[in-house]
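A closer look at the structure
So the chains spell out like this:
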Amino acid sequence: MSSYKYKRILLKLSGEALMGQYQYGIDPFVISRIAKEVKELIDAGIEVAVVIGGGNIFRGAGLAEAGMDRVTGDHMGMLATVINSLALQDALEQMDVQTRVMSALKIHEVSEDYIRRKAVRHLEKGRAVVFAAGTGNPFFTTDSAASLRAIEIGADILLKATKVDGVYDSDPAKNPNAVRYDSLTFDRAITDKLGVMDATALVMCRDNNVPLIVFDLNKEGNLKGVVQGQSVGTKVEVG
């Protein structure tokens with residue numbers, strides 16, 4: 001533990017991060033690698049909670065734009081996150097990491113109900129906890145769910161794993177001269193609409209003083225480096 005800066009973390013994974021080489025679904029190699037990195041942290045005594053999106057399977061907002069009822073679409077998206085959460089649970093348990101999936105929707109056959117005090121107790125016992133089904137409410141993203149759960153469990157840091165190595169002043173895929181920030185404030189991220197997370201998630205983190213680090217998940221070892229306090233990605237905090 002002496003080499004780690006944070007004791008309790010919440011890791012936010014996008015559903016797309018699980019696709020790997022595929023166009024949709026879950027790449028077994030990618031989810032196994034993520035599980036391996038999470039296991040390394042837990043073996044070192046770090047308490048790890050995870051929130052996963054569902055974009056690799058289903059996007060409710062997309063179908064809502066095509067005419068589907070938004071509430072129905074969002075509930076379908078929540079169920080997609082449950083699928084991803086169960087997949088991560090299986091990958092972790094194959095590596096002998098005790099894991100609990102806690103869902104904001106009641107699906108007793110495959111997961112526990114989300115209860116804050118119980119989630120904290122799981123973490124204290126060294127179990128990985130995967131929060132599924134977002135907040136359980138339509139119109140809220142899994143980014144907002146990650147911020148909410150990080151605040152509720154008293155996480156030291158919220159880690160958003162992405163496909164890029166931090167936050168840029170413009171889209172680096174479109175602008176080769178885009179500048180990456182080493183750090184910035186929540187107010188700057190919100191005002192400049194930098195696309196770090198949605199505004200609701202950022203405001204919740206800001207108002208509850210939960211720092212955020214955005215980093216590249218595809219580079220092996222980055223997750224460990226972030227938790228050790230190395231200069232990886234972009235740190236967003238209260239100014």
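Small disclaimer: the values here were computed from a predicted structure and weren't measured. (Residues numbered from 1 in each chain as written. Predicted model: local features only at pLDDT ≥ 70, side-chain atom pairs only at ≥ 80, totals over all residues. Heavy atoms only, no water.)

Take helix α5 (residues 142–153) next. For α5, spanning 12 residues, the distance from its first C-alpha to its last is 16 Å, which sits close to the expected 16 Å at 1.5 Å a residue. Taken together, the buried positions of α5 are occupied by Thr142, Asp143, Ser144, Ala145, Ala146, Ser147, Arg149, Ala150 and Ile153. The N-terminus of α5 is capped by Thr141, whose side-chain oxygen sits 3.3 Å from the backbone nitrogen of Asp143. Following α5 by one or two positions, Gly154 has its phi on the positive side, about 70 degrees. (Helix = DSSP H or I, 4+ residues; strand = E, 2+ residues; numbered from the N terminus. Expected span 1.5 Å × (residues − 1). Buried < 20%, exposed > 50% of the residue type's maximum accessible area, 1.4 Å probe, protein only. Polar contact = N/O pair within 3.5 Å; in protein donor to acceptor, adjacent residues only side chain to side chain.)

Assignment of secondary structure puts Ser85 in helix α3 (residues 70–93). In contact with Ser85, other than residues within four places in its own chain, are Ile52, Val101, Val130, Phe131 and Ala132. From its side chain, Ser85 meets the backbone oxygen of Thr81 in a polar contact 2.8 Å long. (Contact = heavy atoms within 4.5 Å.)

Under the 1.5 Å per step criterion, the end-to-end length of helix α1 (residues 28–43) is 22 Å for 16 residues, consistent within 8% with the ideal 22 Å. Listed as buried for α1 are Val30, Ile31, Arg33, Ile34, Ala35, Glu37, Val38, Leu41 and Ile42. Between the side-chain oxygen of the N-cap and the backbone nitrogen of Phe29 there are 2.9 Å, and the N-cap of α1 in question is Asp27. Downstream of α1 by a residue or two, Gly45 has a phi angle that is positive, lying close to 95 degrees.

What follows is about the pattern of salt bridges. All chains considered together, the criterion is met by 18 salt bridges. Here Lys7 makes a salt bridge to Glu47, at a shortest N to O gap of 3.9 Å. Linking Lys7 in the segment before β1 (8–13) with Glu47 in strand β2 (residues 47–52), this pair joins segments that are 40 residues apart in sequence. Judged by relative accessible area, Glu47 falls into the buried class, the value being 10%. A salt bridge links Asp187 to Arg206; the nearest nitrogen and oxygen atoms lie 2.9 Å apart. Of the two residues, Asp187 is situated in helix α6 (residues 186–191) and Arg206 in helix α7 (residues 199–207); the sequence distance between them amounts to 19 residues. Within this structure, Lys7, Arg8 and Glu47 form a network of salt bridges that share partners. (Salt bridge = Lys/Arg side-chain N within 4 Å of Asp/Glu carboxyl O.)

Everything listed here is a matter of coordinates, which is why it stays silent on function.
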